[in-house]
Amino acid sequence: MSNSISSITTLLFDWDGTVVDTAQLGLTAFERSFAALGVSFDHETYRSVYSPNWYCVYEALGLPKDKWRQADELWIHHYGEQVAQPVAGAQETIQKLKGKGYRLGVVSSGSQCRVAREISELGLESIFETVVCNEQMVEKKPHPEGLETALRSLGCASAATAYVGDSPEDIEMGKRANMFTVGVRSDYPTSWKLKSHNPDIFIESLRELLHHF
């Protein structure tokens, strides 16, 4: 990756785990969904196979394919019973980056209705110029389609863009899109693998972005 920080004008963010602290909310929604479907939920397997592409999780946990659609609906319902909180310092950091003149956007595996609601709840609608969610991606992470869609909507080049995420798939996705990558630690099960995927920068908290940008 030859892109330097000085050439970056746009920052795209993953949502879950990166901006909102949804690790426990997501896990609770999985537990309740599997209970409703009468399928046992193995926490050890969940931790070892967790992926932003939740169909990988369904498969590894032995959920029959004909129940995947129902599981999706149950997950959204049970997740919606809870309230997502921002990662510490997220709103302030993002607003300061906007104030510095960066163009900002979100590229997330989450559903459009949920992510849009959470962006609104955090008062960030006017901050993000583009929001690309699961419904706008045929190919899931780590395929770069979502990032490429965001670049097209903004009319900006990959060499001038950084992707900030908390999972190995985020870093892989950013690399495939030829972007500068920033790995940020989160409470999601795969976050500990981040460093081994060699993000251009690794930070312990979102606030540290302001040390670099």
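As a starting point, this report considers the structure included with it.

Let's shift gears to the layout of surface pockets. Its boundaries defined by the atoms lining it, the largest pocket holds a volume of some 560 Å³. Considering the residues around the largest pocket, the lining is formed by 31 residues, among which Trp54, Trp75, Ser109, Gly110 and Ser111 are closest to the centre. Taken together, the elements giving at least two residues each to the lining of the largest pocket come down to α1 (23–37), α3 (54–60), α4 (68–80) and α6 (112–121). Top element by residues in the lining of the largest pocket is α4. It accounts for 6 residues. The residue inventory of the lining of the largest pocket, partitioned by class, reads 12 nonpolar, 9 polar and 10 charged. The calculated volume of the second largest pocket comes to roughly 180 Å³.

For the rest of this paragraph, the subject is unusual backbone geometry. Lysine 141 connects to proline 142 through a cis peptide bond whose omega is 10°. For proline 142, the location among the structural elements is in the loop between β5 (128–132) and α7 (145–154). Even without being a glycine, asparagine 178 presents a positive backbone phi close to 60°. Take asparagine 178: it is sitting in the loop between α8 (168–176) and β7 (180–184).

This brings us to the pairing of strand β4 (residues 103–107). The buried count for β4 comes to 4 of 5 residues, which makes it a mostly enclosed element. Where strand β1 (residues 10–13) meets β4, 4 bridges bridge the pair, whose relative direction is parallel. Pairing of phenylalanine 13 across the sheet is with valine 106, part of β4. As judged from the 4 bridges shared by β4 and β5, these two strands associate in the parallel manner. Of the residues in β5, the one forming a bridge with leucine 104 is phenylalanine 128. Each parallel crossover has a hand, and the one from β4 via α6 to β5 is right-handed.

Time to look at the nonpolar core. Inside soluble globular proteins, nonpolar side chains tend to come together where they are buried. Among the nonpolar cores identified, the biggest contains 30 residues, and Leu11, Phe13, Trp15, Leu104, Phe128, Leu209 and Phe213 are the most heavily contacted of them. Contributions of two or more residues to this core are made by β1, α5 (90–99), β4, α6, β6 (161–165), β7 and β8 (201–203). Setting aside anything within four residues of it in sequence, one finds leucine 209 in contact with Phe13, Thr93, Leu97, Val164, Val182 and Ile203. Ranked by size, the runner-up nonpolar core spans 22 residues in total, among them Val39, Tyr46, Leu63 and Tyr79.

Rules behind the numbers
- Residues numbered from 1 in each chain as written.
- Predicted model: local features only at pLDDT ≥ 70, side-chain atom pairs only at ≥ 80, totals over all residues.
- Heavy atoms only, no water.
- 1 Å grid on protein atoms, 1.4 Å probe; cavity = no way out; pocket = protein on both sides within 12 Å on 5 of 7 lines; lining within 4 Å.
- Points joined across faces, edges and corners; volume = space filled by probe spheres on them.
- Helix = DSSP H or I, 4+ residues; strand = E, 2+ residues; numbered from the N terminus.
- Nonpolar A, V, L, I, M, F, W, Y, C, P; charged D, E, K, R; others polar.
- Buried < 20%, exposed > 50% of the residue type's maximum accessible area, 1.4 Å probe, protein only.
- Pairing = 2+ DSSP bridges.
- Right-handed = clockwise from strand over helix to strand, strands pointing away.
- Core = buried A, V, L, I, M, F, W, Y, C linked by side-chain atoms within 4.5 Å.
- Contact = heavy atoms within 4.5 Å.

Honestly, that's just the spatial picture; any functional story needs more than this.
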